[in-house]
Amino acid sequence: EPEVTQTPSHQVTQMGQEVILRCVPISNHLYFYWYRQILGQKVEFLVSFYNNEISEKSEIFDDQFSVERPDGSNFTLKIRSTKLEDSAMYFCASSTEYEQDGELFFGEGSRLTVL
Amino acid sequence: AQSVSQHNHHVILSEAASLELGCNYSYGGTVNLFWYVQYPGQHLQLLLKYFSGDPLVKGIKGFEAEFIKSKFSFNLRKPSVQWSDTAEYFCAVMRYSSASKIIFGSGTRLSIRP
């Protein structure tokens, strides 16, 4: 069964450092998403991406965050200057283009720990 | 703005008990509804989804949910829980359009006593 894969599974970084989280969405999917889950809290939407541009972003997704699809397979989330409060599990998701099939398929997540 | 409310933060049941987890959403238009499950240390997995048609939806592992449009609710049920159902359960809503984001509820932690 096709799946969304994310790397790294866990990254520890110092505050102020840049972090790139990588995702390989399901190959025929065209919509991509990043969500995050701070420990013990709800899953929060960060950003959606389609046709090489951001479709929608939340207020969490400020200037320190960026996303790109550098090639035909990877979808990355960059955090420019990490803060302690960025520590969370980051989930990538993808979906198809068909309106009837709104299911998002999630990856296993990348745990980011900022020290 | 659309939102999802899960009123039960933590539910503790014994094995074989029946389960019902509440979910209400606020959005006046057509929505797609989901229940996701997150087992300890694992990623989100889809339990079931409602797009249209029969408001009683059956999912994996014996779970079902009923969409009641007049109550803006999509409660999750299982007639007899097992210890392996211990997990966090998230209700989610998506506006009926392509590429729309999913909004998650705050989750309900389910603990099953063996």
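Here the structure is a predicted model, which means the values were calculated and not measured.

**Examining the packing of aromatic side chains**
All names here are of chain B.
Part 1 of the argument: Scanning the model with the defined rule gives 18 aromatic pairs over all chains in all.
Part 2 of the argument: Pairing Y36 with F104 gives two aromatic rings, centres 5.7 Å apart and planes at 55°, and the pair type is tilted. Linking Y36 in strand 5 (residues 31-38) with F104 in strand 11 (residues 102-104), this pair joins segments that are 68 residues apart in sequence.
Part 3 of the argument: Seen from their ring centres, F90 and F104 are 6.2 Å apart, and the 90° between their planes marks the pair as edge-to-face. With F90 in strand 10 (residues 87-95) and F104 in strand 11, the pair connects residues that are 14 residues apart, well separated along the chain. Like F104, F90 is buried.

**Thoughts on the environment of Q45 of chain B**
Residues and elements named next belong to chain B.
Part 1 of the argument: Counting through the fold element by element, Q45 comes out in strand 6 (residues 44-50).
Part 2 of the argument: Between the C-alpha atom of Q45 and that of F90, which follows or precedes it by 45 residues, the distance is 9.8 Å.
Part 3 of the argument: With residues near it in sequence (within four places) discarded, Q45 still touches W35, Y36, V37 and Y39.
Part 4 of the argument: Within the structure, Q45 has its side chain in polar contact with the side chain of Q42 (distance 3.1 Å).

**Here we look at the pairing of strand 10 of chain B**
Residues and elements named next belong to chain B.
Part 1 of the argument: A large share of strand 10 lies buried, amounting to 7 of its 9 residues.
Part 2 of the argument: In this structure, strand 5 lies alongside strand 10, joined through 8 bridges in antiparallel fashion. Pairing of V37 across the sheet is with Y89, part of strand 10.
Part 3 of the argument: Pairing between strand 10 and strand 12 (residues 108-113): 3 bridges, direction antiparallel. Its bridge partner lying in strand 12, E88 is registered against R109.
Part 4 of the argument: In this structure, strand 10 lies alongside strand 11, joined through 3 bridges in antiparallel fashion. The partner of V93 across the bridge, within strand 11, is I103.

Definitions and limits used
Residues numbered from 1 in each chain as written. Chains lettered and ligands numbered in written order. Predicted model: local features only at pLDDT ≥ 70, side-chain atom pairs only at ≥ 80, totals over all residues. Heavy atoms only, no water. Phe/Tyr/Trp six-rings, centres within 6.5 Å; stacked < 30°, edge-to-face > 60°. Helix = DSSP H or I, 4+ residues; strand = E, 2+ residues; numbered from the N terminus. Buried < 20%, exposed > 50% of the residue type's maximum accessible area, 1.4 Å probe, protein only. Contact = heavy atoms within 4.5 Å. Polar contact = N/O pair within 3.5 Å; in protein donor to acceptor, adjacent residues only side chain to side chain. Pairing = 2+ DSSP bridges.

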